[in-house]
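Spelled out from the first residue to the last, the chains are:
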Amino acid sequence: MTPEPQPTGPSTPAGPLVRLKNVNKHFGELHVLRDINLEVSRGEVVVVIGPSGSGKSTLCRAINRLETIDDGEITIDGKVLPAEGQGLAKLRADVGMVFQSFNLFAHKSILENVTLGPMKVKGMKGAAAKELAMSLLSRVGVENQAQKLPAQLSGGQQQRVAIARALAMQPKVMLFDEPTSALDPEMITEVLDAMVLLAKEGMTMIVVTHEMGFARKAADRVIFMADGEIMEQATPEEFFTNPQTDRAKDFLGKILAH
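Since this is a predicted model, take the numbers as computed values, not measurements.

Caption draft 1: Summary view of the sheet that holds strand 8 (residues 204-208). Taken in spatial order, the six strands make up an open sheet running 6-7-8-3-9-10, and their pairing is mixed. Each edge of the open sheet is held by one strand with a lone partner, namely strand 6 (95-98) and strand 10 (229-234). On average, each strand axis in the sheet is inclined to that of its neighbour by 20°, with strand direction left out of account. Relative to strand 9 (residues 221-226), strand 3 (residues 45-49) runs parallel, the two sharing four bridges. Residue pairing in the sheet places V47 in a bridge with V222 of strand 9. Packed onto the sheet, helix 9 (residues 246-256) meets strand 3, strand 9 and strand 10 and runs at close to 100° relative to strand 9.

Caption draft 2: Representation of the UniProt feature "domain: ABC transporter" (unreviewed entry) in the protein. Mapped onto the present numbering, the UniProt feature "domain: ABC transporter" (unreviewed entry) falls at residues 18-252. Summarising residues 18-252: 37% helix, 26% strand, and an end-to-end C-alpha distance of 27 Å.

Caption draft 3: Representation of the packing of aromatic side chains in the model. Applying the stated rule across the entire model yields three aromatic pairs. Ring geometry for F239 against F240: centres 5.4 Å apart, planes inclined by 75°, an arrangement best described as edge-to-face. The buried category is assigned to F240, whose relative accessible area is 7%. Put simply, the rings of F224, F239, F240 and F251 pair up and form one aromatic cluster. The lysine or arginine in question, R216, covers the ring of F240, its NZ or CZ lying 4.4 Å from the ring centre.

Rules used in this analysis
Residues numbered from 1 in each chain as written. Predicted model: local features only at pLDDT ≥ 70, side-chain atom pairs only at ≥ 80, totals over all residues. Heavy atoms only, no water. Pairing = 2+ DSSP bridges. Helix = DSSP H or I, 4+ residues; strand = E, 2+ residues; numbered from the N terminus. Axes fitted to C-alpha atoms, helices over the stretch in contact; angles between N-to-C directions. Contact = heavy atoms within 4.5 Å. UniProt positions renumbered as here; feature names shortened; annotations may be inferred. Phe/Tyr/Trp six-rings, centres within 6.5 Å; stacked < 30°, edge-to-face > 60°. Buried < 20%, exposed > 50% of the residue type's maximum accessible area, 1.4 Å probe, protein only. Lys NZ or Arg CZ within 6 Å of the ring centre and 35° of its normal.

As structure tokens, then:
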């Protein structure tokens, strides 16, 4: 029997880009993630919503191991996320993260904040890192702030810099953990607009947010969490017009009534 020819050259794993399988997490007695099973495809925008304390942020932070998990498995692009060590650092570089607080280095310029990761972690040369940083700052609309310090920028501008900084690592997936919750209302739109643009460009995104308008506009799929469980998932249209569970109906009733 002749052996079948094996494919040659680099290939992209065919499965989902992010996969969580039977993931559990406790904080003491509190069971914050209960048997979470979730798959996110390449280029998909998944928005995670739900009441406070439902496990949304913990889910987001577990995907790049900022939170450890008790059991289950998380894979990024077909590779299991290791608990620690160099393998974890390497996989983490594939996962960009934007937090509620901007976490910029206060004593470094905006440009330095964005070039630091590519130079230190990826060994990129200064000129190339600067070129990349400027193109990303331009993409999020703050290129004219490059020489300033973070404190000289508004909250909305700082958060857009944080997005550029995460993108500078050229991640495969971007995680957003309530990226607008620390912002004044007039700054929220500018950050959400930058995120909508990213979504349209095909970036794989997992977004924990209270912004229902963003979920309607940019999400391919809405995931509703309560009590550490994924209660339902659907397209934005289906979810907002026809929620299936009482918990989701109750949640939307409270949110959309305002």
